[in-house]
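Residue-level listing of the chains:
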Amino acid sequence: MRIKSLTLLVPLLVLLASSLGLAGEPEENIEYGVSEYATTFQDKTLKEHHKRPSTADHAEFEALKGPFSSGPEVTKACLGCHNKAGEQFARNKHWTWEYKHPVTGQQLGKKTLINGFCTNARGNEGMCAQCHAGYGWKGERFDFTALENIDCLVCHDSTGSYYKTPNSEGHEACSIMFEDKPPIEWAQVAQSVTLPSRNNCGKCHFFGGGGDNVKHGDLSSALFNPPKSLDVHMAADGLDFDCITCHVGEGHQWAGSRYQMTVFDEKGAGKPGMPRDTASCASCHGHKPHPRDNVTSLRLNRHAETLACETCHIPEFARGGVATVTRWDWRGAGKLKNGEGYKLKEYTQGDGEHRATYKSIKGDFQYGENLQPHYAWFDGAMRFTTQETVFDPSQGPVELNSFRGGADDGNSRIYPFKRMHTFQPYDKGNNTLVYMHLWGKDENAFWGNYDLQKAITAGMAEFDKPYSGEYGFVETYSYWPINHMVAPREQALACDECHAEQGRLQGIEGVYMPGTGASRMIDRMGLLMVFATLLGVLAHALLRLVSSRRRAH
């Protein structure tokens, strides 16, 4: 029996559970306690080229020799030399968690949106802000003008020893996390800064949503050191890219955002490392990415006018042995054993790691690996369902984000997505999504009291949002663009993956694909034209052969 102890009481509770014959699930799959994110910020081996010579040896800077006792002290030292960095970063989404959409005009960002995972960072900053590039954000009173609270090290540490902890205290089973972590050697970390590596970005982006590859589907710990078969760009035996190779930028502003993506890059091709301000395939490969030396390549370049590069070159996501969550059901959250929250680990993913299929604090989960994407026309702009959006739950699943784009606008491409399926709380009287108070040590925090009514009432009241007092559960979909895990060219989609009656792109409007059976008459006419052309070529060749023989005689 393998049970991870979270408190001194856990062994006693386990014995009690066994003696009472508490039913159902195999005991080896049960873990008592509800601690989260304990493996999110593991130390990772950094690549040697991140220790390459620099134009400045930060270990020799007097200002970085310390002693330091906190992150803000290190940041003050950083800003002493990099005197524009704070002002630049203060405009970055990683600091503000806000984004005003330039097309839809919607106010977006983690500070506002409700999602289909842990639902809302707003009001739960004490836990969620572990992935905020700052120090001390506990709630609405956080001072975004205090530049010393910017966290320089989370992006620039190269030791692998830097980590973040919750900014405020939660209930006992949660707050016990990180108790065995060694103290941060602030001066050593400060003297070892370098350009952001995959390790820096991945510590948050690979673990978003509460665990490894939970959210995106194409961003997981498998990308820390992937083989070429998983990602040709990031593999050490491939191009060995870091995140910032594609997510380029100046003045602490980086290209690439799921809120407003570049699907059709009008600026065309550059080369990796050359000045450019977009994170797109075309910025390196151009709009005609295939060699123009044969008929097949010419046809594939025509396909690029309709299909996103990712559609053909990322045939599956959640590869590399790390599963992604495909379904999250909050309806069963809050169940206890012996008055205590617990987890069930009944899914074993490709790399052998056991994943939780139930958590008292979050409900039930389903996982998937090597998944075929969902496809849709996309021009890069999405419209989001916010907390203020009124919807009709009887009309089917509510789309937390919906597509813009179509076959005729010139900027859209058929794009691959992970479609996330969730059952989550909503205001049954007002037909709106709700903020939930999850994290904290107070009586209203769901990750401790397991009372959704109290959690929703407190979460809505904190931000002066109307709440009818009655909650239910609504079915939702959310869509996550697939951009990573680019497979080797040999693994790109074959023609018959789409050009078939049950092909991948069935149901996509505005495009005709031969072989799908959408119009048998057109298919037959096309085949007749092909055969007629072939007969014409053969007849022409035969006539030339006969003619040449006659001249020879």
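Residues numbered from 1 in each chain as written. Predicted model: local features only at pLDDT ≥ 70, side-chain atom pairs only at ≥ 80, totals over all residues. Heavy atoms only, no water.

1. Quick notes on the packing of aromatic side chains
Using the following cut-off: In this scheme Phe, Tyr and Trp rings, the latter by its six-membered ring, pair at centre separations within 6.5 Å, and the angle between planes marks the pair as stacked below 30 degrees, edge-to-face above 60, and tilted otherwise. Here a helix means four or more residues in a row that DSSP labels H or I, a strand means two or more in a row labelled E, and each is numbered from the N terminus. Accessible area is worked out with a 1.4 Å probe on protein chains only. A residue is then buried under 20% of its type maximum, exposed over 50%, and partly exposed in between.
Overall, the coordinates contain 29 aromatic pairs when judged by the stated rule. Seen in terms of ring centroids, Trp-330 and Phe-446 are 6.4 Å apart; in terms of plane orientation they differ by 50°. Their pairing is tilted. On the criterion of sequence distance, the pair formed by Trp-330 in the loop between strand 6 (324-329) and strand 7 (342-348) and Phe-446 in helix 14 (residues 446-449) is long-range, its members being 116 residues apart. In this structure Trp-330 comes out as buried when scored by relative accessible area, which is 0%. Judged by centre distance (4.7 Å) and plane angle (55°), the rings of Phe-403 and Tyr-479 are tilted. A residue pair is termed long-range when its members are at least 10 positions apart, and Phe-403 in strand 13 (residues 401-403) and Tyr-479 in strand 16 (residues 471-481) qualify at 76 residues. Take Phe-403: its relative accessible area is 24%, and that puts it in the partly exposed class.

2. Structural notes on the confidence of the model for the protein
Put simply, the rule reads: Each residue gets a pLDDT score, which is the predictor's confidence in that residue and runs from 0 to 100. Contacts are residue-level and defined by heavy atoms, with any inter-residue pair within 4.5 Å sufficient.
Confidence in the prediction of the protein, expressed as mean pLDDT, is 86, and 83% of residues score 70 or more. Contacts for the low-pLDDT stretch residues 1-26, under 50 throughout, to residues beyond four places or in other chains number 36 contacts. Taken together, the stretch residues 37-45 has pLDDT below 50 and engages in 26 contacts with residues farther than four places along the chain or on a different chain.

3. A short note on the state of the cysteines
Inclusion rule: Pairs of cysteine sulfur atoms within 2.5 Å are identified as disulfides in what follows.
A complete count under the given rule lists zero disulfides for this structure. A disulfide-free cysteine, Cys-118 has its sulfur positioned 6.5 Å from the sulfur of Cys-128, the nearest such atom. Taking the relative accessible area as the measure of exposure, Cys-118 reaches 9% and is therefore buried.

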